[in-house]
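Breakdown of the fold
For reference, the chains in residue letters:
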Amino acid sequence: MNIKIAVYEARQDERQELAAAADRLGLELEVTQETLNESTLALAKGAQGISTLGRSVLNRELLTKIREQGVAFLSTRTIGCDHIDLNAARELGLQVCNASYAPDGVADYTVMLLLMLLRNYKPAMWRGQVNDYSLAGLQGKELRDLTVGIVGAGRTGRAVLRNLAGFGCRRMAFDPHPTPMEGVEYVSLEDLYAACDVISLHTPLMESTYHMIDRSALAKMKDGVILLNCARGELMDMNDMIQGIEDRKIGGLGLDVFEKEEGIYHQDRRWDIIKNREMAYLRQFPNVIMTQHMAFYTDRAVASMVWGGLEGLVRMAEGKDWPQRLV
């Protein structure tokens, strides 16, 4: 089955995998680094399927134009699908799928952020850059002495819990549908907040989880709590996080995601005026580590997302089941 697919937002690191997938699946690819919008939709002329990343906003208006152009299948080479109006896609008769990758990379990255915060790596790095090798203020904590709580024990949350097993810390988790794990205590969210020295978020973004970590949630936590977020920036109220740092309620904050990161992360903005005051202000604290939404970014994950994004389109076009199909 010869299928033409238009691939948008193609990063340089995806090119080799795209070529390999096209060869294996027998695809004709139209590849561009541009986002998908009304101006660039013409690049998909004659294509049966379109694949994008997360910077392309596929709202009802754009989806309508995509359908009018004859495209029937869409994929996003990401796990998140917040940038796609799935209800509109369903009404328009578009089939949509996302990609998947193993949780290990994000789980490893989460533990890395935690260890960096526990050992005050950021201020130590600052000092080293000016030849200050003093120790005052850099005394850390040992993970085996702490209780770590995971909010959302799905694939990634459980991978973090497995990673933590070797450190000897007490492990707690909250999940509406718990999967038993040896050595892990499943507790209520309230009990997790109260008991844990470290809390890491691995829950999807939904109406019920939007800004779930706010001043009310912080009030239920230990003083000096360490918070980690490698899931979705919108899980946290950033103004309340700033207040928590200033009040020393939060002892450390590790963020790989940020609210309103769109148009900033994954782009070179060195010469621009960035309109995200909370991001700029939080970054300067010595006990806050922020990275550019890269916890997922490993060789294995990139390959998995490219292959999944293209194979999903093929399987949907062939009328076959695809586990990552959303609509």
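Up top is the structure these notes are about.
Quick notes on the rules
- Residues numbered from 1 in each chain as written.
- Predicted model: local features only at pLDDT ≥ 70, side-chain atom pairs only at ≥ 80, totals over all residues.
- Heavy atoms only, no water.
- Helix = DSSP H or I, 4+ residues; strand = E, 2+ residues; numbered from the N terminus.
- Contact = heavy atoms within 4.5 Å.
- Buried < 20%, exposed > 50% of the residue type's maximum accessible area, 1.4 Å probe, protein only.
- Phe/Tyr/Trp six-rings, centres within 6.5 Å; stacked < 30°, edge-to-face > 60°.
- Pairing = 2+ DSSP bridges.
- Axes fitted to C-alpha atoms, helices over the stretch in contact; angles between N-to-C directions.
- Salt bridge = Lys/Arg side-chain N within 4 Å of Asp/Glu carboxyl O.
- Polar contact = N/O pair within 3.5 Å; in protein donor to acceptor, adjacent residues only side chain to side chain.
- Patch = residues over 30% accessible without salt bridge, like charges linked within 9 Å, V, L, I, M, F, W, Y side chains within 5 Å.
- Areas by Shrake-Rupley, 256 points an atom, 1.4 Å probe, with all protein chains shown as cover.

Overview of the environment of Y109
Locating Y109 in the fold gives a position in helix α4 (residues 104-118). The residues touching Y109, leaving out its near neighbours within four places in the chain, are C230, D256, T291, M294 and A295.

Description of the environment of L29
Secondary-structure assignment places L29 in strand β2 (residues 27-31). Residue L29 is classed as partly exposed on the basis of its relative accessible area, which comes to 22%. Sequence spacing of L29 and I5 is 24 residues, and the spatial spacing of their C-alpha atoms is 5.0 Å. When sequence neighbours within four positions are dropped, the list of residues in contact with L29 reads I5, V7, L18, A22 and L310.

Comments concerning the packing of aromatic side chains
Pairs of aromatic rings are described using the distance from one ring centre to the other and the angle between the two planes. Summed over all chains, the structure comprises three aromatic pairs. Note on Y101 and F296: the rings are 6.4 Å apart at their centroids and 40° apart in plane angle, and the pair reads as tilted. Of this pair, Y101 sits in the loop between β5 (95-97) and α4 while F296 sits in the loop between β12 (288-290) and α11 (299-317), and the two are 195 residues apart along the sequence. On the numbers, 5.7 Å between centres and 55° between planes, the contact of F296 with Y297 is tilted. Accessibility expressed as a relative area gives 11% for F296, which makes it buried. An aromatic cluster is defined as three or more aromatic residues linked by ring pairs; in this entry it consists of Y101, F296 and Y297.

Some points on the sheet that holds strand β11 (residues 250-255)
One open sheet accounts for seven strands, arranged β8-β7-β6-β9-β10-β11-β12; its pairing is parallel. Of all strands in the sheet, those with a lone pairing partner are β8 (184-186) and β12, marking the two edges. In this sheet, adjacent strand axes meet at a mean angle of 20° when their direction is disregarded. When strand β6 (residues 147-151) meets strand β9 (residues 198-201), the two strands line up parallel, connected through four bridges. Bridging from a neighbouring strand, V148 pairs with V198 of β9. Against the sheet, helix α6 (residues 155-165) makes contact with β6, β7 (170-174) and β8, and its axis sits at roughly 170° relative to β7, the strand it touches most. Packing against the sheet, helix α9 (residues 238-246) makes contact with β10 (225-229), β11 and β12, and its axis sits at approximately 140° to β11.

Notes on the pattern of salt bridges
Here the structure, examined in full by the defined rule, presents 16 salt bridges. Residue R77 is joined to E14 by a salt bridge in which the shortest nitrogen-to-oxygen separation is 2.9 Å. Note that R77 is positioned in the loop between β4 (73-76) and α3 (86-92) and E14 in the loop between β1 (3-7) and α1 (15-25), a separation of 63 residues in sequence. Accessibility assignment for this pair places R77 and E14 in one class, buried. Through salt bridges with shared partners, a single ionic network connects E311, R315, E318 and K320.

Things to note about the sheet that holds strand β3 (residues 49-52)
Sheet strands line up and pair through hydrogen bonds in the backbone, either parallel or antiparallel. Within the open sheet, the five strands sit side by side as β2-β1-β3-β4-β5. Their pairing is parallel. Edge strands, defined here as strands with exactly one partner in the open sheet, are β2 and β5. Between one strand axis and the next, the sheet turns through 20° on average, direction left out of account. As paired strands, β4 and β5 are joined by three bridges and run parallel to one another.

Digging into the environment of D240
Following the sequence through the fold, D240 ends up in helix α9. On a C-alpha basis, the gap between D240 and S216 in space is 9.1 Å, while along the polypeptide they are 24 residues apart. Those residues in contact with D240 that lie beyond four places of it in its chain are D214, R215 and L218.

Overview of α9
Where α9 is concerned, the buried positions are M238, D240, M241, I242, G244 and I245. In this structure, the buried side of α9 is in contact with α8 (215-219), β10, β11, α10 (277-283) and β12. Residue D237 occupies the N-cap position of α9, its side-chain oxygen lying 3.1 Å from the main-chain nitrogen of N239. With its phi angle positive at about 65°, R248 sits one or two positions after the end of α9.

Here's the deal with the side chain of R127
Inspection of the secondary structure assignment puts R127 in helix α5 (residues 121-129). Aside from chain neighbours lying at most four places away, what touches R127 is D132, S134, L135, A136, G137 and L138.

A word on a nonpolar patch on the surface
Where nonpolar side chains cluster on the molecular surface, the patch consists of Y121, M125 and W126 and spans about 290 Å² of accessible area. Topologically, W126 is positioned in helix α5.

Description of the side chain of T203
Relative to the helices and strands, T203 resides in the loop between β9 and α8. Looking at T203, the relative accessible area reads 12%, which means it is buried. Excluding residues that lie within four positions of it along the chain, T203 makes contacts with V151, G152, T209, M212, A231 and L235.

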